[in-house]
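One letter stands for each residue in the lines below.
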Amino acid sequence: MSVPLGPSHDAQRFHGHNRFALAVVVVGVMLLGARLTLVQVVRGERYERFAAIERVAKVRAQAPRGLIKGADGTVLARNIESHRLELLTNRIKPERIPEIAKTLRSLLDMTDAERDGLIADLNRPVDPRKRRPLVVRRDLVSTHCPYDSSQLELVSETNYGFCTTCGRYYEPLPKRRACPFDQKKLLAVGDGSGFHCASCDREFLDGDVCPHDHHNIAHGKHILRCPLCRRSFNDEVAVLRANLHRLPEARVVADIQREYPYRYLASHVLGFMGFVSRKELEALGQTSQLGLNDKVGRSGLERALDVTLRGTDGEQVLVRKGGAEEQARDLDELIAAMQPKPAVPGLSVRTTLDLELQRSAKVAMKDVYSGAVVVLDAHNGQVLVMYSKPGFDPNTLSGKRTPQSRTLDEAAAYAPLMNKAVTAFPPASVYKVVTAAAALEEGVVRPTTTFYCGGYLEFGGRRFHCYDRKGHGELDLHEALRNSCDIYFYHLGDLLGLDRLEKYALAMGFGEKTGIEISEAVGRVPNRAWYHDHVKGGYFPGFALSTAVGQKDVTTTPLQIARAFVAISTNGVLPQVSLIRGFETPDGKLTPLPPRPGRSMGLKDATLAFLRKSLVAVVNEEGGTARSARPTVVDIAGKTGTAQAAQRARPEILEKLKDDPVATTRLVNWLQNDHAWFAGYAPTENPEIVVVVFVEHGGSGGHNAAPIAKQVVEAWFARSRVAAPPMDTRKPHPAATAPDLPPTDAAPAATAPLETPAEAPAEPDPNAQPSELLDAPPAPAPHENVPDEGVLDEAPPPPQLAPVPAPKAAPTAPGGPP
Amino acid sequence: MSAWKSLNRPSTWLGLVSVLLLCGIAIENLTFTDTLTGMTYHRTQTIWIVLGLMAAGVVASMDVAFVRKLSPTLYQVVVVLLAAVLVVGREINYSRRWIELGPANIQPSEFMKLSIILMLADYFDRKRANSASLARHLLAPVALMMLPVVLINLEPDLGTSLCVALVAASIILYDGIHGRTLMAGLVVVMLAVPVAWEFGVIRNYQKGRVEAWLSLDEEAVADKRSAQSSQAEQALWAVGSGKFSGRSDGDARSSVLRHLPFLHTDFALAAYAERFGLLGCFFLFGLYAAIVAWALHLADHAQERFDALVAVGVAALIFWQFFINAGMVIGLLPVVGLTLPLVSYGGSSSLTVLLGIGFLVNIATRRKSR
């Protein structure tokens, strides 16, 4: 039925159309050819350059954060390389999700719950344009132990294997048919060449063929072990990198992690890091170099010096991989033209912390639940020790993996994040120093003025008791300070009045910030106006009496007391307390902080001399309340304090502990106790250090705080006499890294009665010598074994004659380095 | 005259050798791009080419009358498939083009390219007697053309609908229309473009491509310092990097191509041009020109009107796809999703073109000797 094209006009018409079509084709191809000549020949060089530019990218060069170091240069906070695993969610096809999860589970140490969580995360519908990489792991194991940050060692040359087809991952088969990770029996799988641990779900294989699908096995050698905690790890980064070809959706990204090798030792001073929040970023505005993936200091020095430590980010030009040599010259020019800007690293901070002394303080505090030790250099007010208990592991808070601990809830009840060295508490009898100074300056009494203590004082229709209900009899000011007689100071409070007490308290640096670099409490020095505003019924003259003995509403921080004691022990000038010795550039050049002038308290020399004499008597004279703090190596002066501070437990904390009746009882009993204080300095002539010990709900100052101060002072002088070798900075001492859990035994202080003969001179119990390390339960309560008073007076001096400070005598903890 | 004698001419050999060379280039080029994308497209493509050549052989030896009888049915089936794909099709990259059939995904719009050629050739051949009627001669073929064009554009697949429209228009024009009608048609098209632009028929991403094309390569780009660039720019730079004689594989591997999406399909020419430079590209263009010229030559020497129009349709199919795709890669035209015939990866596309070649061979066996 086809119609032939006869030799009609149709054929000619078609022939004309054909010529036209051919012309169109020729013109089209010529157009393309012309354009191509333009692109490839005329503009070829230029486009080649553009293509090269395309291969380079300007990215942010993050400045390395400055280190935080101890006084001797020991690194307390550093940066370690870490790796994170990301899944590029926009590349993941839904049908690949189970496969990805299975592969990752076989490569990483993943639990079923983690895997299911990952699948759920991947299946969650997200707008494809808003997808971001999903971070599966933030700290892949590669170089450092995830638990204690020690450098990992490659221990095993044995092979592990993975099946390239099914993605299963096999550990080397141990000789004994037991899982080397959890010692459980292994079960044979497949044809019997492979074994499976049912409890940890690892598979083991001896051979080169996958028992599941009979495909070949690839091998690697990346079994790592932590020399400190002796855990074994797979080098997750190496394993992942070797397997990325099977996971085109995944990538391993290098990252920097802040790391604190000494963990609990100075956690409150160092602080920790946390991700910057969206809100903070908005507040900072465009000028900030921070991004959502960045961390900022969240407490302590990390926060106070955040900007200094952070440095200034630069811009870096990255060249995508590949490229021939001839291009290198071009690229160099290109990179130069793009003006990369190197990052300016943050300054390192050299702190004033004496780590060895800090450790001694930690060991001395091993039997208390909660408290703080502050040691200041008496010459310049530098902070040698600032220890607060319980502490925290800044590594954990900064985002590292840590072992689960069921005791963490209990530790949380004792406010581990609170730096008790700069938190305000009622100072009790330590504050009598202020009252005595005020009384002498104002001339309301002379040192020889006496009052009679009959155990109580009637005032305003109320009885104000001395802690010693029997009474001290007739005393002068010196004896009143030495014996810490409350009645004498009630009289002084009455004579001075509240506002004159306030004036001298302010002069001595209470009720104001000390100006230390980290955040601190101000404390409270009440005056009449304050009572008028804050107390129902307003001011009552009895308040002056309570304030005179440091009770009721006056609160001070341990650091404020330490600063005042520096002034008292030397020339009456309140020093500028500081945690920072200076700043170091990355090449190690230390720029010391210029000395900053202190402020005179404005007390007469005679007053200071009197106070010093009395403080010596507190420790060294018969009847002094801190006889227990009398060390053998050096003379010490100081003042004890026992603040009535019985409290009820907060309901939300009790709620958390409701599954643990033992912990609850421990907490409730603990809260019934008084706060124990000791503030002192040593030696008595030309003092070197000022020590303040505060034990929250710790019992009495003489019994429970003074012995701790004694240990710290002994540690200091033992070292200054025997030139101790410098600390081993590479491996943290196990005591230093031990967690700050509350003592697990039935509480030394919890059993102490409320009205204990606390300020009576007490003899240290031989048990006080640390015989076990912090991990172990503490020794039984020392003062439960304290004999009667009559025996005490004739008791021999403390038996510690060895010049070796206490922590060094400690045996190695189980699991510590040999 | 025997079929072999009709076939055994230099023009046929030139055309067939060009086709085989293009198939070879396709496999070589995909082998290279597979090293960048990490896929195994060159193997799949080899299978498709072998299948396509076999299908072309079948078509070449078929009785053309049978095909003609089938062409309206074929057209209807493909239109139904095009409608079906809008409903049950598999969505890839926000567009529904594929119907899943067992292991292979077929793309009905590709087969429409052939179907429209056969349909229109058959139509014009049968309606020649009444060529005076405007409705018969112009409106019906335009309707036959517009139905699939609209359906394909709904997927959306601008490239293929454009290709179908251009192929159909080429056949209609080749068959001949009055000068006045031609002018009127041109005016309608010129008016339709701004209207379509303004009233949303042209989608936003398509507008973006046109704008990107208009600003392509100008001096503003010379100040480029960031790594933000469009795929058109990246393709252009890759082509430019090829310069006169091309770069070695190692250089090309490290080029911007690695980050170019659709490297194995729409931008296959970029990879080829970077490696073989201006010389290689001229060779490639020559191959396409040879095939198109062969097809037009056959059209000129066809014994029947149907044969002539089919040959023109196949020539148009190859030429327009080649011209638009190459123009897009080298920055002469805005980016349109259209494959380079035979060289780009794609089973349906290669099969379509090879079937078209089969028709050309079929026609060549029945050409008139002059």
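Cut-offs and rules
- Residue indices begin from 1 for each chain and proceed along its sequence in written order.
- By the order in which they are written, chains take letters starting at A while ligands take numbers starting at 1.
- Selection of residues for local features in this predicted model requires a pLDDT of at least 70, selection of side-chain atom pairs for listing and counting requires 80 or more, and totals for whole chains, interfaces and linings are taken over all residues.
- Values shown for side chains rest on all heavy atoms present in the structure; no hydrogens or waters enter the calculation.
- We count a stretch as a helix when DSSP gives it H or I for four or more residues in a row; a strand needs E for two or more, and each element gets its number in order from the N terminus.
- By the convention used here, residues are in contact when the closest approach between their heavy atoms is within 4.5 Å.
- Where accessible areas are quoted, they stem from the Shrake-Rupley method and a 1.4 Å probe; at the residue level, only the protein chains shown are allowed to cover.
- Here, nonpolar core means buried Ala, Val, Leu, Ile, Met, Phe, Trp, Tyr and Cys residues that are tied together by side-chain atoms lying within 4.5 Å of each other.
- Partly exposed residues are those whose accessible area sits between 20% and 50% of the maximum for their type, while under 20% is buried and over 50% is exposed, using a 1.4 Å probe and protein chains only.
- Salt bridges are identified by distance alone: a Lys or Arg side-chain nitrogen within 4 Å of an Asp or Glu carboxyl oxygen.
- By definition, two strands form a pair when at least two bridges between them are found by DSSP.

This next bit is on the overall build of chain A. Each helix and strand counted, chain A has 27 helices and 31 strands in total. Residue pairs at least 24 apart in sequence account for 74% of intrachain contacts in chain A once pairs closer than 6 positions are excluded. Summed over its atoms, the accessible surface of chain A is roughly 36600 Å², and 53% of this surface lies on carbon and sulfur atoms.

Moving on, we come to the nonpolar core. Judged by nonpolar contacts, the single largest core of 117 residues is most densely connected at M112, I116, I117, L257, L284, V310 and F322 of chain B. With 19 residues, the single largest contributor to this core is helix 13 (residues 268–301) of chain B.

With that out of the way, let us pick up the pattern of salt bridges. Residues and elements named next belong to chain A. Following the criterion strictly, the structure yields 32 salt bridges over all chains and no others. Between R258 and E302 there is a salt bridge, with the nearest N and O atoms lying 2.8 Å from each other. Note that R258 is positioned in strand 14 (residues 250–259) and E302 in helix 8 (residues 300–304), a separation of 44 residues in sequence. For the pair R258 and E302, one class covers both residues: buried. With a shortest N-O distance of 3.5 Å, E442 and K503 are connected by a salt bridge. Residue E442 is found in helix 14 (residues 432–442), and its partner K503 is found in helix 17 (residues 498–507); the two are separated by 61 residues along the sequence. The exposure class of E442 is partly exposed, given its relative accessible area of 26%.

Quick look at the pairing of strand 18 (residues 348–351) of chain A now. All names here are of chain A. In strand 18, alternate side chains face the same way, and those of S348 and R350 on one face and V349 and T351 on the other are all buried. Across two bridges, the pairing between strand 2 (residues 68–69) and strand 18 is parallel. Among the inter-strand pairings, K69 is bridged to a residue of strand 18, identified as R350. Of the strand pairs in this sheet, strand 18 and strand 26 (residues 580–584) are connected by four bridges, and their pairing is antiparallel. In the sheet register, T351 faces strand 26, and the bridge partner there is I580.

Following K389 of chain A, the chain continues into P390 of chain A via a peptide bond in cis, with omega recorded as -10°. For P390 of chain A, the position within the fold is in the loop between strand 20 (383–389) and helix 12 (394–397). Residue P683 of chain A is reached from A682 of chain A by a cis peptide bond, and omega for that bond is -15°. On the secondary structure map, P683 of chain A appears in the loop between strand 30 (675–682) and strand 31 (689–695). Positive phi, close to 45°, is recorded for R263 of chain A, a residue that is not glycine. Residue position: R263 of chain A is located in the loop between strand 14 and helix 6 (267–270). Here R263 of chain A falls in the buried class, since its relative accessible area comes to 14%. Of note in the backbone geometry, K243 of chain B takes a positive phi value of approximately 50° without being a glycine. For K243 of chain B, the location among the structural elements is in the loop between helix 11 (231–242) and helix 12 (249–253). When its relative accessible area of 23% is taken as the criterion, K243 of chain B is described as partly exposed.

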